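# Tertiary structure, described
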Amino acid sequence: MKKVFLPAIFIFLTGCNTATNTTPVTTSVTTNTEAKKDSFFPVTSFIKGQLLLLDSLPVTPLHTTVINNKTDSVWIKKSELVALLQDFLSPEIKETNLINYFKETSFKDQTINAITFTYDPLPTLPDSISLRHWDIYIDPESDKISKIYLVKQFKEKEDIVTRQLTWKTNKWASINTIINMPNGNTALLKAEKFIWNFNE
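In short, a report on the structure. Being a predicted model, the structure only gives us computed values, none of them experimental.

### Looking at the pattern of salt bridges
For the structure on display, the rule yields two salt bridges. Between lysine 152 and aspartate 87 there is a salt bridge whose closest N-O contact spans 3.5 Å. Highlighted residues: lysine 152 in strand 6 (residues 144-156) and aspartate 87 in the loop between helix 2 (78-85) and strand 3 (102-109), separated in sequence by 65 residues. Among the residues examined, aspartate 87 registers a relative accessible area of 29% and is labelled partly exposed. One connected set of salt bridges, linked through shared partners, spans Asp87, Lys152 and Arg163.

### Some remarks on the environment of isoleucine 178
Tracing the backbone shows isoleucine 178 in strand 8 (residues 172-180). Taking the C-alpha atoms as reference points, isoleucine 178 and lysine 190, separated by twelve residues in sequence, lie 7.2 Å from one another. Once you skip the residues sitting within four places of it in the chain, isoleucine 178 turns out to touch Ile160, Val161, Thr162, Gln164, Thr186, Ala187, Leu188 and Leu189.

### Overview of the environment of isoleucine 93
Residue position: isoleucine 93 is located in the loop between helix 2 and strand 3. Accessibility expressed as a relative area gives 1% for isoleucine 93, which makes it buried. As a C-alpha pair, isoleucine 93 and phenylalanine 40 span 53 residues in sequence and 7.9 Å in three-dimensional space. Ignoring any residue separated from it by four or fewer positions in sequence, one finds isoleucine 93 in contact with Phe41, Pro42, Val43, Thr44, Leu98, Leu131, Trp134 and Leu150.

### Some points on the side chain of threonine 169
On the secondary structure map, threonine 169 appears in the loop between strand 7 (159-168) and strand 8. Threonine 169 gets classed as buried once you look at its relative accessible area, which sits at 7%. Within the structure, threonine 169 has its side chain in polar contact with the backbone oxygen of isoleucine 145 (distance 3.0 Å).

### Describing helix 2
Side chains three or four residues apart in an α-helix point the same way, a direct result of the helix having 3.6 residues per turn. Those residues of helix 2 that fall on the buried side of the exposure criterion are Lys78, Leu81 and Leu85. Down the axis, helix 2 shows its buried residues gathered within 55° of arc, on one side only. Where helix 2 is buried, its residues touch helix 1 (43-56), strand 7, strand 8 and strand 9 (186-195).

### Section: the packing of aromatic side chains
Going through the model one piece at a time under the given rule, you end up with seven aromatic pairs. Clustering of aromatic rings is evident, with ring pairs tying together Phe40, Phe102, Tyr119 and Trp134. Between lysine 147 and the ring centre of tyrosine 137, over which it is positioned, the NZ or CZ distance is 4.7 Å. Over the ring of tryptophan 172 we find lysine 193, and its NZ or CZ is 4.3 Å from the ring centre.

Rules of the game
Residues numbered from 1 in each chain as written. Predicted model: local features only at pLDDT ≥ 70, side-chain atom pairs only at ≥ 80, totals over all residues. Heavy atoms only, no water. Salt bridge = Lys/Arg side-chain N within 4 Å of Asp/Glu carboxyl O. Helix = DSSP H or I, 4+ residues; strand = E, 2+ residues; numbered from the N terminus. Buried < 20%, exposed > 50% of the residue type's maximum accessible area, 1.4 Å probe, protein only. Contact = heavy atoms within 4.5 Å. Polar contact = N/O pair within 3.5 Å; in protein donor to acceptor, adjacent residues only side chain to side chain. Arc of directions from axis to C-beta. Phe/Tyr/Trp six-rings, centres within 6.5 Å; stacked < 30°, edge-to-face > 60°. Lys NZ or Arg CZ within 6 Å of the ring centre and 35° of its normal.

Here it is in structure tokens:
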């Protein structure tokens, strides 16, 4: 991040001693004026760390799906959630691998009480990159990442399909799949949510 470095202090929890530790673990975000100028927060590693944390918890995620206003709910294995998220783990968002393709801006959003880092593509974005946008939301009081939002887009026949991932740290994730038709109309094909923290 420009002038602000969000160190990868995410916890992979491979050394956790038991699976009964349900204390949420979050990623601290600290300011470092001596950090490298062009550096992004490693979002993909953060999400993978969250998945490892989830794998250590004695919970079963609830998967809800809404299609055509009809809602279906089912308990799923943690491995199924990992499989459903694979599309958002590529391309990897590392510290420097996408700095030539995306620009970073930051601002404090008073409406949601968060510091937001937002990333939009530069004109040189190649067709091979389906990633179109992402945001990182930081709680200004705890200095921790509270939410991550990613948008991917790809062509399917004559339509453009947009997939949006919202990751709420230590709590839930949602995926919306939207179709953008040639006539300009859009439609929500599917809305999915995965919940593993039921304290909200």
